[in-house]
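# Working through the structure, step by step
Read off the chains here:
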Amino acid sequence: MIPEASAAVASRSSEKKAKSQVGATSSGAASHSEDESGNENRQKSVRRRKRACSVSENVKRKRAGASGGGVRRAQGKHAKEKQVEAVTLFEVITMGKSAVQAVIDDWIEAYVADRDSSLLDLISFFIQCCGCKGVVTAEMCQSKEDKNVKSKMVEELDEAAGLQYKRFLAFPWILTVTWPMDADSAEYPLVQSGPSGRWFHTEFCDFVSVLVAQCQHSILFDSYLMNGLISLLTELSNSFVRAFRHTCTLAAVKLLSSLLGVALSLSVGIENSQKLYDVQRTKTVRQKSTQQLDRIQKKISELQEKRVEVESMMDIIFKGVFLKRYRDMLPEIRSVCMEELGLWMKLYSSEFLNDSYLKYIGWMMHDKVPDVRLKCVLALQGLFGDPVLLPKLDLFISRFKKRLLSMVLDKDNEVAVQTMKLLVLISRATDDVLTAEDYKQLLQVVFSSHRPLAATAGELLYSRILCAVTPTSDNRDETNEEEEQRQQMFVRLKALLQFYQESELHEHVVYLVDSLWDCGGSLLKDWPTLTAALLQNSPGFTAAEQAVIVEILVASVRQAAEGPALVGRSGAKKVMSTREKKIQADDCLNLTEHLFSVLPKLLSKFSCSSDTVASLMRIPQYFHPDSQEAKNAQLVSSLMTEMAAVLDLHSSPAVLEAAARTYLSLCGDGAAWASAARASRDSLVQRWVDQLTGLLGESLKGGCFSAEEEQTRQIVTTLKKLRAFHNCHDLGRLSVFDLLSPLLTEDGSRGGAPPEVLEEALQCMSFATLWSLSTSGETLTCREKAVAQRLQLRLFCERSHRCLSHCDHGVRNQAFLGVCDVLIAHSYQLQVWDPTCFGPLLYTPSPRLQRALLTFVCMHVFVVPDCDSQSRVSESSEVERLEELHRRRSVLAAFCKLIVHGVLEMSVAAELYPFYVKHYSDFGDIIKETIYRTRQTDRMESARTLVLCLQQLFVQLKREQESGGRAHSGVQTFTCIKELARRFALTFGDPAKFRECLVMIHRNGVEFVFQEFRQTPDNATPPYLSYLTILSEFSNKLLKPDKKTVLSYLQKHTAEHVIDLREECWQPLIYYRASLLAVAETEDAASYISSDRRHCLHSRSPASKQKVEGFKSSCQTRPTEQVGKVNKPSISHSPQANAGDTDPFSVPPELRGKSFNMASTGLSTYSESDDGSVDVEL
């Protein structure tokens, strides 16, 4: 708490009581007492070291080290003191528990010889543990009831001396602790960061425990040690100083816990003695010994008296410390109190486990700090985990059950997890506490996004499922044992299906499986049972239940193969142990061996259900390539045949995507089935291409698309299959691009293809172009191929450009996304290709295409629907609105990628940034990320883009105002432009990192306003002067030297112009100049304007001075007095004090201290009152 030690002074033995009471609080007396006590205790410590012959302790000697360290070092050269170095009790805790035990034994010996000085040693130890190395003075107290003594117990601050005082009674001592008032009280040993703080906490608690354990058979009951120690801890725990309060509260509750252990030992001794007494009484008269009975009875009485005394000490600590500190403003103190209270209740339930103490835990479960609530829940776990203590908790659980149920949804994940574990304990211990409604609320937590919480709720769910299983008969036959076990699994599965259907969360099967995986792996990994439930013909499961079983089967297969990593669920282990990896590999082999032969049967049975087949088609993605079934050609052929049959029947996106990804996994290198899978895939794709070639040949006769409805449906179905497989597989050898290119005709009026055909064709051609660019490193072996690739890219961009104006929004959207994707891929290939080999040739999109892409974004992304359409959308479906928003965000993100990757010029972003504020809720994150990414590429160019955006908006606003016509909806107001500039300024995090950019923004803004301005009597101010108000939003980001540089640059451009501050048109300049001069909150910007401008006037030419006087006001005023460099300049407020010969930039005295108000249009106004004063609002 205090960085430097001054002294640590203690009073002496009872023979010097009268002397120590005089002048104890004065610093001189403190130092004198310190020197005397140091010499006296050094002699005592030498005798102790000779007697101990181990690591010894002498607090007096070390405590005097701060002022007399040199003397002790000189004396330490003596041969008798070379053996062991004396240390304080505070330093002993750094040596480990064994050193603590040895030193405490030495301290007990010293206490027996001189208990006053030893007690002061212990008192000094606790004060040092608080981090206080100030001055400690002590004086003897004759009586606790002395009124004069009680009036001296104060804790005050002496601001004149800069000291803090804490005076308290630790009978028989009156202690005064003095330390500097400016010391850092936030730093003390218990709150040190890193391992040192945690280590000190452990050692400190061990010291208290060892102290009580070593004293329990000797000096614990002498009515002196514990009285003084308890008084010390009680007084310091009530201090205003955080370090005293925290450290001594921890020591007090740990002392109570240690005394509780003594009380338990005494109770055991009483119980054993009572048993021995009862045995002696049952003996016959001849065997019975009266003296022995009296001796046992006396021992029982002594133990009972000691237990009563210990319980009295515990009660004093509880009432003096706990009751005052369990609601302390410091959360660490509250946590310590709750943690120890739970320990007291568990270990000494006869005394502490009742409603009078349980209420404190119930109350603190509402604490605002998560750690306090966590300690309460952990304390309750220890209580509910012991069946013997459950009867005493009935009233508590009935009173606070509602709070416990609500804490399952605690915002702190650890509190929620531990609360769920507590409720699991309660559920297992009793059946009548949680109702069916409570279970319904708790079991929904299995779908939580935090995995530890969901897994704990899964334990509760699985235990409820086990309750539904009927017990098996003991006299069963071995032949029926397997069937009976399967029936039990069916019953559990039935219960799980019932819960899932009642929860009405039918899209979260994978999360349910993940929640049950740790506790219910025996059910979820029983793939034979799951597949038997699907293949059985008996009416055991309905079609809906079988669909859910399929989802459970697929989720369990994925969980076994990939682990618990799920999208949207946090808290899972990121690194698997060796044992977990082995279990995962074994599970993967087991599921492959079983499902490789069963999956074709499942595909055949559920071939008519599109959703079920889509789920089953994902299972081969998790097969282990090293299984024995992979070498079975018959099984591989059967699986490929069934998968091809499914693709002939279904063309839904889910089935096609699952099939494409499964074939991609099966065709990978390293598996025995790879060759068969590639052959099956090539056969399928070739058949679809041949079919599509025939259909298009008949439909594109005469240069236009002419096909019947059935033929069009077949074309769309085939295109969907090709598109799904082309997304995952390279089909370039089949020339899909050339096959589909005729669909995108030049003239749509001659009979274009339907929108659904065009949309699928655009996607297929986009994938073909992307695959061509992706494999260019392998396929481009000569210049002719590179030229052909660039022609293909140009052809696709030109055809897609025509589709941007198509009447169907789906076609327009797909054409836009396709162009953006291929252009980004082309840019990436140009960056990574090897110059020594042939690579893709440069292709730059035409200006027409660039303008078309920008126009598309502005027209179809930043659209504000009217109120009627918003009401219709809200009435129809919120899902449709979100889907539309997702589509618009995808379009904007694709266009921003073109800017970030350098396909389009960075200045094009200036057309997007104006929508940053207006559409912040929908697209603000995308635009902000674009600003950051472009800034990483080129800081200066990115800053110029921001300036260009603001200047374009300002010019549009100015033209709109000058035209005088009706306001256009696309023109933003001055307030909006100013807010946009403020948002732009916020994107510059560290001003030192972007100082060149910020200076450039200001220089560009000043040039924008003054560069081409020529002042005339009719044109006194620049037309774009109000832009300076917008520019001032970037002033707070300038560093102090840069502000001076920008101010000099501003004066350079304004030196030849006459500026009269009485004219409202110059207020933007005043505002901007003040923003540059406001380098600190305590400095007056007006004084800077006057003093800086005076220097500028002297540097003008005579002609410019005459020009200035020609534009001056006719009123004659005297010059302002010279302003010195003071914090608060003295300025005259008389009307004659207005500057006539002073700086035109300076604010007149009557304007100083008044506010300025900038109108939304950028033009400031003021009104002149009757007395001639000017009211200006900024």
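This write-up is about the structure you can find in this document. (Residues numbered from 1 in each chain as written. Predicted model: local features only at pLDDT ≥ 70, side-chain atom pairs only at ≥ 80, totals over all residues. Heavy atoms only, no water.)

Let us now look at the overall build of the protein. Across its full length, the protein holds 49 helices and six strands. Within the span of the protein, comprising 1178 residues, buried residues form 49% of the whole. A separation threshold of at least 6 residues defines the contact pool for the protein, and within that pool the share at least 24 residues apart is 72%. Total accessible area computed for the protein in this model is approximately 57,700 Å², and 50% of it derives from carbon and sulfur atoms. (Helix = DSSP H or I, 4+ residues; strand = E, 2+ residues; numbered from the N terminus. Buried < 20%, exposed > 50% of the residue type's maximum accessible area, 1.4 Å probe, protein only. Contact = heavy atoms within 4.5 Å. Areas by Shrake-Rupley, 256 points an atom, 1.4 Å probe, with all protein chains shown as cover.)

Each aromatic ring pair is characterised by the separation of its centres together with the angle its planes make. On inspection of all chains with the given rule, the structure shows 40 aromatic pairs. Ring geometry for Phe1008 and Tyr1027: centres 5.0 Å apart, planes at 70°, overall edge-to-face. One end of the pair, Phe1008, is in helix H44 (residues 995-1010); the other, Tyr1027, is in helix H45 (residues 1027-1031), with 19 residues separating them in the sequence. Considered together, Phe1008 and Tyr1027 belong to a single accessibility category, that of buried residues. Taken together, the aromatic side chains of Phe318, Phe322, Tyr326, Trp344, Tyr348, Phe352, Tyr357, Tyr360 and Trp363 make up a single cluster linked through ring pairs. (Phe/Tyr/Trp six-rings, centres within 6.5 Å; stacked < 30°, edge-to-face > 60°.)

This part is about unusual backbone geometry. Positive phi is not limited to glycine here, since Ser223 has a value of about 60°. The residue Ser223 is located in the loop between helix H9 (195-215) and helix H10 (225-237) in this model. Take Ser223: its relative accessible area is 47%, and that puts it in the partly exposed class. Positive phi, close to 55°, is recorded for Ser735, a residue that is not glycine.

What follows deals with the environment of Ile270. Along the polypeptide, Ile270 turns up in helix H11 (residues 242-282). Residues Ile270 and Lys299, spaced 29 residues apart in sequence, show a C-alpha to C-alpha distance of 8.3 Å. Setting aside residues no more than four positions away along its own chain, Ile270 makes contact with Ile300, Leu303, Gln304 and Arg307.

Turning our eyes to something else, we now look at the environment of Lys897. Relative to the assigned elements, Lys897 resides in helix H39 (residues 878-900). Spatially, the C-alpha atom of Lys897 lies 8.0 Å from that of Cys820, the residues being 77 residues apart in sequence.

What follows is about the environment of Val1009. Inspection of the secondary structure puts Val1009 in helix H44. A relative accessible area of 4% means that Val1009 is categorised as buried. In this structure the C-alpha to C-alpha distance between Val1009 and Tyr1024, which are 15 residues apart in sequence, comes to 5.3 Å. Excluding anything up to four places from it in sequence, Val1009 contacts Pro1022, Tyr1024, Leu1025, Tyr1027 and Leu1028.

Once that is clear, we can look at the pattern of salt bridges. Counted by the stated rule, this structure contains 32 salt bridges. Lys319 is the partner of Asp315 in a salt bridge, and the nearest nitrogen-oxygen pair spans 3.2 Å. Within this pair, Asp315 and its partner Lys319 are both found in helix H12 (residues 290-325), separated by four residues, close to a single helical turn. Its salt-bridge partner being Glu657, residue Arg661 comes within 3.5 Å of it at the nearest N-O pair. Placement of the pair is Arg661 and Glu657 together in helix H29 (residues 653-666), with a separation of four residues, close to one helical turn. Exposure remark for Glu657: the relative accessible area of 43% places this residue in the partly exposed category. Here the salt bridges share partners, and the residues they tie into one network are Arg451, Asp514, Asp518 and Arg569. (Salt bridge = Lys/Arg side-chain N within 4 Å of Asp/Glu carboxyl O.)

It is worth spelling out helix H36 (residues 809-832) at this point. Taking 1.5 Å per residue as the helical rise, H36 with its 24 residues ought to reach 34 Å, and the 35 Å between its terminal C-alpha atoms agrees with that figure. The buried fraction of H36 amounts to 18 of the 24 residues, a majority that puts the element mostly inside the structure. Capping the start of H36, Asp808 holds a side-chain oxygen 3.0 Å from the backbone nitrogen of Gly810, two or three residues further along. (Expected span 1.5 Å × (residues − 1). Polar contact = N/O pair within 3.5 Å; in protein donor to acceptor, adjacent residues only side chain to side chain.)

A separate point is helix H15 (residues 355-364). Every buried residue belonging to H15 is among Tyr357, Leu358, Tyr360, Ile361, Gly362 and Met364, and all of these are buried. In the core, the buried residues of H15 are packed alongside H12, helix H13 (331-347), helix H14 (349-352), helix H16 (370-384) and helix H17 (394-407). The distance from a side-chain oxygen at the start of H15 to the backbone nitrogen of Ser356 is 3.0 Å, and the residue carrying that oxygen is Asn354.

Here we take up the nonpolar core. If you look at the biggest cluster of nonpolar residues, it comprises 316 residues, and the most contacted ones within it are Met338, Phe816 and Phe895. With 16 residues, H11 is the largest single contributor of residues to this core. (Core = buried A, V, L, I, M, F, W, Y, C linked by side-chain atoms within 4.5 Å.)

It is worth spelling out the side chain of Thr769 at this point. Within the fold, Thr769 resides in helix H33 (residues 755-774). What makes Thr769 buried here is its relative accessible area of 2%. Other than its neighbours up to four places away in sequence, Thr769 contacts Phe737, Gln792, Leu793, Phe796 and Val822.

The next thing to look at is the packing of helix H24 (residues 527-535) against helix H25 (residues 543-562). Orientation of H24 relative to H25, taken along the N-to-C sense of each, is 155°, at an axis distance of 10 Å. Relative to H25, the element H24 lies roughly antiparallel. Where H24 crosses over H25, the two elements pack in a sense that is left-handed. Along the contact surface, H24 presents Trp527, Leu530, Thr531, Ala533 and Leu534, while H25 presents Gln546, Ile549, Val550, Leu553, Ser556, Val557 and Ala560. Classifying every residue of the contact of H24 with H25 gives nine nonpolar, three polar and no charged. (Axes fitted to C-alpha atoms, helices over the stretch in contact; angles between N-to-C directions. Parallel < 35°, antiparallel > 145°, perpendicular 65-115°, else oblique. Left-handed = near helix turned anticlockwise from the far one by under 90°. Nonpolar A, V, L, I, M, F, W, Y, C, P; charged D, E, K, R; others polar.)

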